[in-house]
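Chain by chain, the residues run as shown.
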Amino acid sequence: MMNRETVSHDYLHEHHDRNARRTQWVVALTAVMMVGEIVAGYLTGSMALLADGFHMATHAGALTVAAFAYRYARRHAHDPRYSFGTGKVGDLAGFASALILAVFAIGIAGESIARLFEPMRVDFADATLVAVIGLIVNLVSAVLLFDRHHHHGPDEQGHHHHHHDNNLRAAYIHVLADALTSVLAIGALLAGRYLGLVWLDPVIGIVGALVIARWSWGLMKETAGILLDRTDMRTAEQVRTLLAGERIIDLHVWRLGPGALAVIVDLAAPADLDGARAKLRPLKNVVHLTVQTHQH
């Protein structure tokens, strides 16, 4: 015996379309900066400019994935082939971006370690100028992508970030990673140019790689849990508290999208289904609720 609520399967973030536009602007800014650096690198013969340009190309690719995810999720939000909508497309894109960030961090660390043992000639003046321009672009991008929820850490389990748009968060972390590498590079390049501390450039590269790897791991853990339908323990405990007195046989609580949870409760028969549903009304963020009974 079952009692189900008919609900819409559009579980996208309330600011989905706005976040999509913000991401598109950042993709455009990153692409322009990328082309400018690569062209300047060829014209000046600076490997530093070329390297930075191709490094930015990897981020442009990741941000393009984020923009595509927004578009795909909106286009297929009501597609009947997706039983619970497309709210997790952003988390899938976030996981992919986290993997790209991890590869990027490994590449930076490997190159930096190699340069510690075999220092290369660096055009400090050109490289510093490009790093400054890149930092400005990254700061503008960060402002466009800033969301008030970003100040929470990825591993805070006590509050399970129901409202996080992990697609936007992944794009935000990408531009932060770029900004971090630009800041560290500027410091290292200035130290190399004026203090002769050439070794500082690869050391700073290793530090930056470790910080980026930590961001990547945190985002990967959170999005992987959502993609694998990890139980939202806080809401599950609320369900058990609200249904005190009822015999719960089975309980499933998982995330469908930013700010959207699904709950399926199996109660031992006989049970007052309407009464149970009424008790569960105080639950927040639950957009798909199923209460059912099974005979044992």
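What counts, and where the lines are drawn
Residues numbered from 1 in each chain as written. Predicted model: local features only at pLDDT ≥ 70, side-chain atom pairs only at ≥ 80, totals over all residues. Heavy atoms only, no water. Phe/Tyr/Trp six-rings, centres within 6.5 Å; stacked < 30°, edge-to-face > 60°. Helix = DSSP H or I, 4+ residues; strand = E, 2+ residues; numbered from the N terminus. Buried < 20%, exposed > 50% of the residue type's maximum accessible area, 1.4 Å probe, protein only. Pairing = 2+ DSSP bridges. Right-handed = clockwise from strand over helix to strand, strands pointing away. Expected span 1.5 Å × (residues − 1).

(A) Highlighting the packing of aromatic side chains. For the coordinates displayed, the defined rule picks out 1 aromatic pair. An angle of 90 degrees between the planes, with centres 5.4 Å apart, marks the rings of Phe 84 and Trp 254 as edge-to-face. Of this pair, Phe 84 sits in the loop between helix 2 (47-75) and helix 3 (89-117) while Trp 254 sits in strand 2 (residues 248-257), placing them 170 residues apart in sequence. Look at Phe 84 and you get partly exposed, because its relative accessible area is 29%.

(B) Summary view of the pairing of strand 4 (residues 286-294). Note that strand 3 (residues 260-268) and strand 4 share 8 bridges and pair parallel. For Ala 268, the partnering residue across the bridge sits in strand 4 and is His 294. Taken together, strand 3, helix 8 (residues 273-279) and strand 4 form a β-α-β motif whose crossover is right-handed.

(C) Helix 4 (residues 124-145), seen in detail. Given a rise of 1.5 Å per residue, 22 residues ought to cover 32 Å, and the 31 Å separating the end C-alpha atoms of helix 4 matches this to within 8%. Along helix 4, the residues that are buried comprise Phe 124, Ala 127, Thr 128, Val 130, Ala 131, Gly 134, Leu 135, Val 137, Asn 138, Ser 141, Ala 142 and Leu 145.

(D) Fine view of unusual backbone geometry. Following Ala 269, the chain continues to Pro 270 via a peptide bond in cis, the omega torsion being -5 degrees. Residue position: Pro 270 is located in the loop between strand 3 and helix 8. The phi dihedral of Asp 229 falls on the positive side, at around 55 degrees, and the residue is not glycine. By the secondary structure assignment, Asp 229 is in the loop between helix 6 (200-227) and helix 7 (233-242). Classification of Asp 229 by relative accessible area gives partly exposed; the value is 39%. We note that Asn 285 has phi near 70 degrees; this positive angle belongs to a residue other than glycine. Looking at the element boundaries, Asn 285 is found in the loop between helix 8 and strand 4. Given the relative accessible area of 24%, Asn 285 is considered partly exposed.

By themselves, these observations are geometric and do not establish any function.
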